[in-house]
Structure formats: structure tokens, C-alpha cells
Amino acid sequence: MKSNTLKSLVLVFGIALFMSSSAFAQSKDKQERKEPPTYAQLLKEMDANEDGKLAKDELKGPLKDDFTKIDTDEDGFISEEEFKNAPKPERKERSRNK
């Protein structure tokens, strides 16, 4: 009987420890907001043909969605200057669970 009680106690303690560390990790992530990527980072991540330009078919997310707004000189590419002057994407509302 003592063995089952001890196992249950260890199990409950382990679950509590896991849940508290998980909650701490989530709150820490919320505090550390990511900075927007630089143009150089975008080139490194998205410039598939490595031509030093960002074409619409290489992009994803808000850059692709707003390509025509960002490509102000209408040359089919987003330059570093156009990227710097691009409108900021709207933040999505998150539902909060209480």
C-alpha cells in the first residue's frame, strides 16, 4: 500500500513540475517579442534563386499578400528601400482564455 501511495505522490509531483515549467516557458516567450526581420535576413531566407532580389513568387505571408502595395516602382521585385517603407502588417487579435 505504501508503494502505491509513494508512486502516486511522485506522479502528482512530476505532473505539477511539468505543468509549472511549461507555463513559465509560455510566459517567458510572450515577454520576448521577436524583432521584425531585416532585408538581409529576408534575402537569406527567401531569395530562392539567389539573385539578390525578392520576387513575389519567392515570398510568403504579409509581404506576398501586400506585394503590389510594397513594390512601389512596379518592377516586380521588392528592393531594400521599398521594404523599409512598406506598411506594417496589422496584428491579429488573439482570443484570451480565462
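As the structure is a prediction and not an experimental result, all values here were calculated from the model. (Residues numbered from 1 in each chain as written. Predicted model: local features only at pLDDT ≥ 70, side-chain atom pairs only at ≥ 80, totals over all residues. Heavy atoms only, no water.)

S.K.: Tell me about the environment of P89, and name the residues and values.
M.R.: Note on placement: P89 falls in the segment after α5 (80-84). The spacing of P89 and D66 is 23 residues in sequence and 8.8 Å in space, taken between C-alpha atoms. (Helix = DSSP H or I, 4+ residues; strand = E, 2+ residues; numbered from the N terminus.)

S.K.: Describe the pattern of salt bridges, naming the residues involved and giving the relevant values.
M.R.: A side chain of one charge can pair with a side chain of the opposite charge when the charged atoms of the two come close. Within this structure, the stated rule accounts for two salt bridges. Here K69 and D66 are joined by a salt bridge, their closest N and O atoms 3.9 Å apart. Linking E80 and K84 is a salt bridge whose minimum nitrogen-to-oxygen distance equals 3.9 Å. One end of the pair, E80, and the other, K84, are both in helix α5, four residues apart, so they sit about a helical turn from each other. (Salt bridge = Lys/Arg side-chain N within 4 Å of Asp/Glu carboxyl O.)

S.K.: Describe the side chain of D71, with residues and values.
M.R.: One can find D71 in the loop between α4 (67-70) and β2 (77-78). Within the structure, the side chain of D71 is placed 3.4 Å from the backbone nitrogen of D75, a separation counted as a polar contact. There is a polar contact of 2.9 Å between the side chain of D71 and the backbone nitrogen of G76. (Polar contact = N/O pair within 3.5 Å; in protein donor to acceptor, adjacent residues only side chain to side chain.)

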